[in-house]
Amino acid sequence: MSDNVILVGFMGAGKSSVGRLLARRLGRCFVETDDMITAHEGRSIPEIFAERGEAHFRALEEETVRLLGLKSGDVIATGGGLPCRDGRPAQLRAMGTVVWLQGEFDAVYERAQRAGARPMLAGRKREEIEALYRAREPYYRQADLTVDTTGINPDQVVAKLLLLLRDRRASILSPLGRGQGEGA
Ligand code: S3P
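An account of the accompanying structure is given in this report. (Residues numbered from 1 in each chain as written. Predicted model: local features only at pLDDT ≥ 70, side-chain atom pairs only at ≥ 80, totals over all residues. Heavy atoms only, no water.)

What about the overall build of the protein chain?
The secondary structure content of the protein chain amounts to seven helices and five strands. Its helices and strands taken in sequence order, the protein chain reads β-α-β-α-α-β-α-β-α-α-β-α from the N to the C terminus. The C-alpha extent of the protein chain, read off along each of the three principal axes, is 50 × 35 × 30 Å. Within the protein chain, buried positions represent 45% of all 184 residues. Sequence-distant contacts in the protein chain: of pairs separated by 6 or more residues, those separated by 24 or more amount to 73%. For the protein chain, the accessible area works out to roughly 9,300 Å², and carbon and sulfur atoms hold 50% of it. Of the side-chain charges in the protein chain, 27 are positive and 25 negative, and the distance between the mean point of each set is 3 Å. (Helix = DSSP H or I, 4+ residues; strand = E, 2+ residues; numbered from the N terminus. Buried < 20%, exposed > 50% of the residue type's maximum accessible area, 1.4 Å probe, protein only. Contact = heavy atoms within 4.5 Å. Areas by Shrake-Rupley, 256 points an atom, 1.4 Å probe, with all protein chains shown as cover. Lys, Arg positive; Asp, Glu negative; His and termini not counted. Charge placed at Lys NZ, Arg CZ, Asp CG, Glu CD.)

Structure representation (structure tokens):
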């Protein structure tokens, strides 16, 4: 295990804000897969979608996953669609502890609408976005840990997550093994 903490979840789940805070608390580097892609391509995510299409963006994500394999000890926030390929959750779990920032759809939807330009939301009805959310849940659920973010702020999410990570570390180190807190 490369000891990264890898945050997954739908757009608007709070991966960037939680990731940044968590990295600060742990004294680790913070990396976002979307930033790796935009730095490599020299254009924004909306530009990549507009000029090359979603399939090209997904290919770039695939390449990014390969590069993540070189990382160690980082806090990594993934794009909302990155874990949603067959076999991808296991690939991520091999690189560290995967954490699903889970929230009720309504709250996540509101946040996703508010912050940032998101091509996956553009021109889609709320029902279509909820269908995408439901289709992705089985992939997110394969995380090592789950934090319910409903009704709490990023600081509180980080506090919960630090406890779960500590518990998990203790259970891995203990010969008897222990539960994994909220997550499965
Ligand atoms: C996407 C989520 C975005 C970004 C891209 C596609 C998705 O990241 O990777 O727009 O398919 O859910 P965030 O989850 O950080 O918004």
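Side note on the pattern of salt bridges
Within the structure shown, the criterion is met by 13 salt bridges. Measuring nitrogen to oxygen at the nearest pair gives 3.3 Å for the salt bridge that ties glutamate 32 to arginine 20. Placement of glutamate 32 in strand 2 (residues 30-32) and of arginine 20 in helix 1 (residues 15-26) is noted, with a sequence separation of twelve residues between them. One continuous salt-bridge network, built from bridges that share partners, spans Asp3, Arg28 and Arg169. (Salt bridge = Lys/Arg side-chain N within 4 Å of Asp/Glu carboxyl O.)

A word on the site of the ligand
Taken together, 13 residues lie near the ligand, and Lys15, Asp34, Arg58, Arg118 and Arg136 sit nearest. For the ligand, an oxygen atom lies 2.5 Å from a polar atom in the side chain of lysine 15. One nitrogen or oxygen atom from the side chain of arginine 136 is found 2.6 Å from an oxygen atom belonging to the ligand. Protein coverage of the free-state accessible area of the ligand, which is 390 Å², stands at 94%. Judged by the proximity of its atoms to the pocket grid, the ligand belongs to the largest pocket. If you tally residues by element for the shell around the ligand, the top one is helix 3 (residues 45-68), at three residues. Considering only residue class, the shell around the ligand consists of five nonpolar, three polar and five charged. (Near = heavy atom within 4 Å. Polar contact = N/O pair within 3.5 Å; in protein donor to acceptor, adjacent residues only side chain to side chain. 1 Å grid on protein atoms, 1.4 Å probe; cavity = no way out; pocket = protein on both sides within 12 Å on 5 of 7 lines; lining within 4 Å. Sits in = over half its atoms within 2 Å of the grid points. Nonpolar A, V, L, I, M, F, W, Y, C, P; charged D, E, K, R; others polar.)

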